[in-house]
Amino acid sequence: MDFSLTDEQQRLVETARKFARDRIIPVAQKLDEHGTFPSEICKEGWELGLMNAEIPTEYGGVGLSCTDHAMPLILAGTEEQKKRYLGALTEAPIFAAYACSEPDAGSDVAGMRTNARKVGDEYVLNGQKRWITNGGYASWYTTFARIGDPKDRHKGITCFALPRDTPGVAVGKKEDKLGQRASNTTDVLFEDVKLTRANVVGAEGEGFKIAMKTFDRSRPWIAAGATGIMRRALDESRRYALERKAFGQPIAQFQAIQFMLAEMAMKYEATRLLMLKAAWSITQGKLDAIESSYAKAFGADSAMAVATDAVQIFGGYGYTKEYPVEKLMRDAKLLQIYEGTSQIQRMVIARNLLAQAG
């Protein structure tokens, strides 16, 4: 097990850091304030190869491993679906969206009400999805619907891929969120949307399994996002503590501040290792739910704690929009909610632990 970066990965990291420093940080506060989706910045990131890095080379992507940066089509799509949808992401700076959550089915994925009624060789899709990232900008969606009796819970849930311009597809309300405000989050509505077998990802009834495998692979991303928030919070807090003076000396000289900085650094390093371990395991062909949940739960909770401590170190200034740490705290909170709440992660971990007993 080697977590050292290859030359290619190191170049990717350096490119991403420079891009974040030069193009994202200077405008982040304004985008956050107005809830503006950063279309132009995303286009520039796409041109630099910072988006869709996990798409295999045969579909026009870079083909990097999960350690570098996965989606239902990669897991279960046909060759035709991969060429059509994944290829489109590499040909132009467009977006896709994963439409799984519903107004009454967030953590309880099996409780979804969106249904796909079979009519001859077609499926007629009706339902409402909520909290869909990129919902208003996506060119195509992967979504999930139930075929059959809702009482069957997991059985009958099926995954579909479909273009946004399919008749009957509409974008609903845009959420006005506490944090991660530049991320476009909307409802996606399906009204008598006619699909064919070509839209089905995997087999009928395998949708719940595909959704869970997707979460297993995507949760290390959340841990990666958590490390980013923590690193920025730690960097800003360290800089401020060395500059800010109280009682005749920099506040960095006080043990209370030093201990907070030390705890922040420990949480950052521990999350980074958990994230790398989970991503490495996936790259080795192991879709291990417990390792993804370790990384996601610990990383999300740590990011929230670190960002809150950053605000505390900044004191009154940290509670104002003049400094970036209040935004980091708002952004960190969502990490504990999406892609499975911190409580759901603990349920996953506990079930796996108990299943291993004996």
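Residues numbered from 1 in each chain as written. Predicted model: local features only at pLDDT ≥ 70, side-chain atom pairs only at ≥ 80, totals over all residues. Heavy atoms only, no water.

Across its full length, the protein chain carries 9 helices and 10 strands. On C-alpha atoms alone, the protein chain measures out to a radius of gyration of 21 Å, which is about the 21 Å that the 2.2 N^0.38 rule sets for 358 residues. With the principal axes as the frame, the protein chain shows a C-alpha extent of 80 × 55 × 40 Å. Within the span of the protein chain, comprising 358 residues, buried residues form 45% of the whole. In the structure as shown, the protein chain presents an accessible area of about 18,000 Å², 53% of it carried by carbon and sulfur atoms. Considering the protein chain, the positive charge centre built from 47 side chains and the negative charge centre built from 45 side chains are found 3 Å apart. (Helix = DSSP H or I, 4+ residues; strand = E, 2+ residues; numbered from the N terminus. Rg over C-alpha atoms; globule rule 2.2 N^0.38 Å. Buried < 20%, exposed > 50% of the residue type's maximum accessible area, 1.4 Å probe, protein only. Areas by Shrake-Rupley, 256 points an atom, 1.4 Å probe, with all protein chains shown as cover. Lys, Arg positive; Asp, Glu negative; His and termini not counted. Charge placed at Lys NZ, Arg CZ, Asp CG, Glu CD.)

A few words on the packing of helix α7 (residues 289-314) against helix α8 (residues 325-335). Packing of α7 against α8 brings their axes to within 8 Å, and their N-to-C directions diverge by 160°. On the basis of the axis angle, α7 is roughly antiparallel to α8. As for the relative orientation of α7 and α8, their crossing is left-handed in sense. Contact with α7, carried on its side by Lys 296, Ala 300, Ala 303, Met 304, Ala 307, Thr 308, Ala 310, Val 311 and Phe 314, involves Val 325, Glu 326, Leu 328, Met 329, Ala 332, Lys 333 and Leu 335 of α8 and no other residues of that element. (Axes fitted to C-alpha atoms, helices over the stretch in contact; angles between N-to-C directions. Parallel < 35°, antiparallel > 145°, perpendicular 65-115°, else oblique. Left-handed = near helix turned anticlockwise from the far one by under 90°. Contact = heavy atoms within 4.5 Å.)

Applying the stated criterion to the full structure yields 20 salt bridges. Among the ionic pairs, Asp 187 bridges to Arg 130, the shortest N-O distance being 3.0 Å. In this pair, Asp 187 is assigned in strand β7 (residues 185-195) and Arg 130 in strand β3 (residues 122-133), connecting sequence segments 57 residues apart. Taken together, the salt bridges that share partners define one network made up of Asp 32, Lys 321, Glu 326 and Arg 330. (Salt bridge = Lys/Arg side-chain N within 4 Å of Asp/Glu carboxyl O.)

Taking 1.5 Å as the rise per residue, α7 with 26 residues should run 38 Å; its terminal C-alpha atoms sit 37 Å apart, in good agreement. The element α7 is largely enclosed, with a buried count of 19 among its 26 residues. Directly after α7, the chain includes Gly 315, whose backbone phi takes a positive value near 65°. (Expected span 1.5 Å × (residues − 1).)

Nonpolar side chains in soluble globular proteins generally cluster together in the buried interior. Grouped together as the largest cluster of nonpolar side chains are 28 residues, with contacts concentrated most on Ile 257, Leu 261, Met 264, Ile 313 and Leu 335. Secondary structure elements with two or more residues in this core: α5 (207-243), α6 (255-283), α7 and α8. In terms of residues, this core owes the most to one element, α7, which gives 9 residues. Discounting residues that sit within four places of it in the chain, Met 264 has contacts with Ala 233, Leu 234, Ser 237, Val 306, Asp 309, Ala 310 and Ile 313. Formed by 24 residues, the second largest nonpolar core is a distinct cluster that contains Leu 86, Cys 100, Cys 159 and Ala 211. (Core = buried A, V, L, I, M, F, W, Y, C linked by side-chain atoms within 4.5 Å.)

Bridging between strand β2 (residues 115-119) and β3 involves 5 bridges; their strand directions are antiparallel. Directly across from Val 119, in β3, lies its bridge partner Glu 122. Two successive antiparallel strands, β2 and β3, enclose a turn made up of 2 residues, where Gly 120 displays a positive phi of approximately 65°. (Pairing = 2+ DSSP bridges.)

This brings us to the packing of aromatic side chains. Following the criterion strictly, the structure yields 11 aromatic pairs and no others. Ring centres 4.0 Å apart and planes at 20° place the aromatic pair Phe 37 and Tyr 137 in the stacked group. The class of Tyr 137 is partly exposed, set by a relative accessible area of 37%. A connected cluster of aromatic rings, assembled from ring pairs, spans Tyr 240, Phe 314, Tyr 317 and Tyr 323. (Phe/Tyr/Trp six-rings, centres within 6.5 Å; stacked < 30°, edge-to-face > 60°.)

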